[in-house]
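Breakdown of the fold
Chain by chain, the residues run as shown.
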Amino acid sequence: MKLNDVYFINGTAYAGKSTMVRLLAQKYDGIACEENYHDRLLPELDPAEFPCLCYSRDLQDWHDFIRRSPEEYEAWFDGVTAECEILELRILADLANQGKSVFVDTNIRPETLKTISDSEHVLIMLAEPEISVLRFFERPDREKQFLYRLISEEPDPEKAMENYRQGLMRINSRERYDRFLHSGFSVITRDEQRSAEQTLKLVEQAFGLRNR
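Predicted model only: the values in this text are computed from it and were never measured.

**Regarding the overall build of the protein chain**
For the protein chain, the count of helices and strands is 10 helices and five strands. A globule of 212 residues ought to have a C-alpha radius of gyration of about 17 Å, and the protein chain, at 18 Å, matches this closely. The principal-axis extents of the C-alpha atoms in the protein chain amount to approximately 55 × 45 × 30 Å. Sequence separation of 24 or more characterises 76% of the internal contacts of the protein chain that already satisfy a separation of 6 or more. Counting only carbon and sulfur atoms, one obtains 48% of the accessible surface of the protein chain, whose full area is about 11300 Å². Where the 28 positive side-chain charges of the protein chain centre and where its 39 negative ones centre are 4 Å apart.

As structure tokens, this is what we get:
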């Protein structure tokens, strides 16, 4: 399966992937698939087929989520990534036939992207691993603030926070960063001095959109 008019952005957290997807869709009258767009399929998932996604969907006590060991958190994260890839491919197979360009903040692995897309339709955006850990709770979105509240409710909040940060460090490691960096696709790294508009121009150049 080749997805010819789909533009994929993968990479690390806090690199600006969803922001670029949204801006590109607005500018080119396309379809934006921002972070976690596959969530629309969660209610119908079978736990036997998607155990990691259904873990959080069916969780009764969210304190159990933050109490997991860093190793358990990393294994769950990798499982979610693999399951999300399956859902994304299902969604994109339909969206690609709607006559519009599709811009995707994707979980699809670079190895898979090489089989379903051309190299000029894939971009890697990276932020330094430390940013994803240190700034995790700085975002005002509801999910992160919910997790922060759960950690603060633990008997030893400092210990709970350190445990959770150790998990974040595992999924935002230098090794994972380097795998993206050397994936063979174009790369844009986060620059605090660069505006969203300037970054958008770089993304357009990477995708060859400025010549359209």
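From this point on, the discussion continues.
**Brief notes about the confidence of the model for the protein chain**
Averaged over all residues, the pLDDT of the protein chain equals 94, while 99% of them reach at least 70. When mean pLDDT is taken per element in the protein chain, strand S4 (residues 122-126) scores highest with 98 and helix H6 (residues 129-134) scores lowest with 88.

**Structural notes on the sheet that holds S4**
Read across the sheet, five strands follow the order S2-S3-S1-S4-S5 without closing on themselves; strand pairing throughout is parallel. Single-partner strands in this sheet number two, and they are strand S2 (31-33) and strand S5 (186-189). Between one strand axis and the next, the sheet turns through 20 degrees on average, direction left out of account. Here S2 runs beside strand S3 (residues 102-105); their pairing, made up of three bridges, is parallel. Considered in S3, the bridge of Ile31 is made with Val102. Along the sheet face, helix H1 (residues 17-27) touches strand S1 (6-11), S2, S3 and S4 and points at about 170 degrees away from the line of S3. Packing against the sheet, helix H9 (residues 174-181) makes contact with S1, S4 and S5, and its axis sits at approximately 150 degrees to S4.

**So, the pattern of salt bridges**
Proximity of charged atoms lets side chains of opposite charge pair with each other. One pass over the full model with this rule turns up 19 salt bridges. For Lys27, the salt bridge goes to Glu204, with nearest N and O atoms at 2.8 Å. Residue Lys27 is found in helix H1, and its partner Glu204 is found in helix H10 (residues 196-207); the two are separated by 177 residues along the sequence. Of the residues examined, Lys27 reaches a relative accessible area of 51% and is grouped as exposed. Relative accessible area serves as the criterion here: at 2%, Glu204 is assigned to the buried category. Taken together, the shared-partner salt bridges connect Glu71, Glu74, Asp78, Arg170 and Arg176 into one network.

**A closer look at the nonpolar core**
Within the largest apolar cluster, 66 residues are counted, with the highest numbers of intra-cluster contacts made by Phe8, Ile9, Leu24, Leu92, Tyr164 and Val203. A total of nine residues in this core trace back to one element, the largest contributor, which is helix H4 (residues 70-95). Among all residues touching Tyr164, those that are not within four sequence positions of it are Phe65, Ile66, Tyr73, Phe136, Phe137, Leu147 and Ile151.

Reading the values: rules and limits
- Residues numbered from 1 in each chain as written.
- Predicted model: local features only at pLDDT ≥ 70, side-chain atom pairs only at ≥ 80, totals over all residues.
- Heavy atoms only, no water.
- Helix = DSSP H or I, 4+ residues; strand = E, 2+ residues; numbered from the N terminus.
- Rg over C-alpha atoms; globule rule 2.2 N^0.38 Å.
- Contact = heavy atoms within 4.5 Å.
- Areas by Shrake-Rupley, 256 points an atom, 1.4 Å probe, with all protein chains shown as cover.
- Lys, Arg positive; Asp, Glu negative; His and termini not counted.
- Charge placed at Lys NZ, Arg CZ, Asp CG, Glu CD.
- pLDDT = per-residue confidence, 0-100.
- Pairing = 2+ DSSP bridges.
- Axes fitted to C-alpha atoms, helices over the stretch in contact; angles between N-to-C directions.
- Salt bridge = Lys/Arg side-chain N within 4 Å of Asp/Glu carboxyl O.
- Buried < 20%, exposed > 50% of the residue type's maximum accessible area, 1.4 Å probe, protein only.
- Core = buried A, V, L, I, M, F, W, Y, C linked by side-chain atoms within 4.5 Å.

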